[in-house]
Amino acid sequence: SGIDPTSSKVPRFDLVLLGMGPDGHTCSLFPGHSLLDESKLWVASIDDSPKPPPQRITLTYPVLDNAKNVFFLAAGSSKAEVLPKVTVSLEELEKMGSSALPAARVRPENGNLIWFVDDAAAA
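Owing to the predicted nature of the structure, the values given are computational and were not obtained by experimental measurement.

A separate point is the side chain of D65. Counting through the fold element by element, D65 comes out in the loop between α1 (61-64) and β4 (69-74). Within the buried set, D65 has no salt-bridge partner at all; the shortest N-O distance to an opposite charge, 7.4 Å, is to R107. When neighbours within four sequence positions are excluded, D65 is seen to be in contact with R105, V106, R107, P108 and E109.

Quick look at the structure:
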């Protein structure tokens, strides 16, 4: 049926596949960036990414949180320190408030959140 960009209904993807940076960023959503609070746009641009390239586009939390399934891949020892900070319970996430890392904030409302982690990231 496709997605109608003029509709106010947020698209629902069957699967969103995400990675995570060593700083806890995902989907070009970076810690401390104003896009973390975007609630109206489905897709947003970023012109001041702290990591190259500086200009990017990203899905926003309304779309990510409306997915049926969100799979995260985390591989390598550079993810080991941040992984416990993003795989927290909803209660812990609420306590973190705005200090929560971007990857931790992805929480499908009526879907599944699944992490695939290698031994090095899990160490």
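Moving on to the pairing of strand β3 (residues 56-59). The alternating pattern of β3 places R56 and T58 on a buried face, while none of I57 and L59, on the opposite face, is buried. Bridging between strand β2 (residues 43-46) and β3 involves 4 bridges; their strand directions are antiparallel. Among the inter-strand pairings, S45 is bridged to a residue of β3, identified as I57.

The subject of this paragraph is the packing of aromatic side chains. Scanning the entire structure with this criterion turns up 2 aromatic pairs. The interplanar angle of 65 degrees and the centroid separation of 5.3 Å between the aromatic rings of F71 and F116 together place this pair among those described as edge-to-face. In this pair, F71 is assigned in strand β4 and F116 in strand β5 (residues 112-117), connecting sequence segments 45 residues apart. Classification of F116 as partly exposed rests on a relative accessible area of 39%. A centroid spacing of 4.2 Å and a plane angle of 5 degrees characterise the contact between F72 and W115, whose relative ring orientation is stacked.

What follows concerns the sheet that holds β4. Taken in spatial order, the 3 strands of this open sheet run β1-β4-β5, and their pairing is parallel. Strand pairing shows two members of the sheet lacking a second neighbour, β1 (16-19) and β5, which therefore form its edges. Neighbour to neighbour, the strand axes of the sheet diverge by 20 degrees on average, direction disregarded. Pairing of β4 with β5, which is carried by 6 bridges, proceeds in the parallel orientation. For L73, the partnering residue across the bridge sits in β5 and is F116.

Positionally, T58 belongs in strand β3. The buried category is assigned to T58, whose relative accessible area is 3%. With near-sequence residues (within four places) excluded, T58 lies in contact with C27, S28, L29, L35, W42, V43 and A44.

The next subject is unusual backbone geometry. In this structure, P53 follows P52 across a cis peptide bond, with omega equal to -5 degrees. Tracing the backbone shows P53 in the loop between β2 and β3. Non-glycine residue C27 carries a positive phi angle of around 55 degrees. For C27, the position within the fold is in the loop between β1 and β2. Residue classification places C27 among the partly exposed positions, given a relative accessible area of 23%. Positive phi, close to 60 degrees, is recorded for S28, a residue that is not glycine. Here S28 lies in the loop between β1 and β2.

Each value, and the rule that gives it
- Residues numbered from 1 in each chain as written.
- Predicted model: local features only at pLDDT ≥ 70, side-chain atom pairs only at ≥ 80, totals over all residues.
- Heavy atoms only, no water.
- Helix = DSSP H or I, 4+ residues; strand = E, 2+ residues; numbered from the N terminus.
- Buried < 20%, exposed > 50% of the residue type's maximum accessible area, 1.4 Å probe, protein only.
- Lys, Arg positive; Asp, Glu negative; His and termini not counted.
- Salt bridge = Lys/Arg side-chain N within 4 Å of Asp/Glu carboxyl O.
- Contact = heavy atoms within 4.5 Å.
- Pairing = 2+ DSSP bridges.
- Phe/Tyr/Trp six-rings, centres within 6.5 Å; stacked < 30°, edge-to-face > 60°.
- Axes fitted to C-alpha atoms, helices over the stretch in contact; angles between N-to-C directions.

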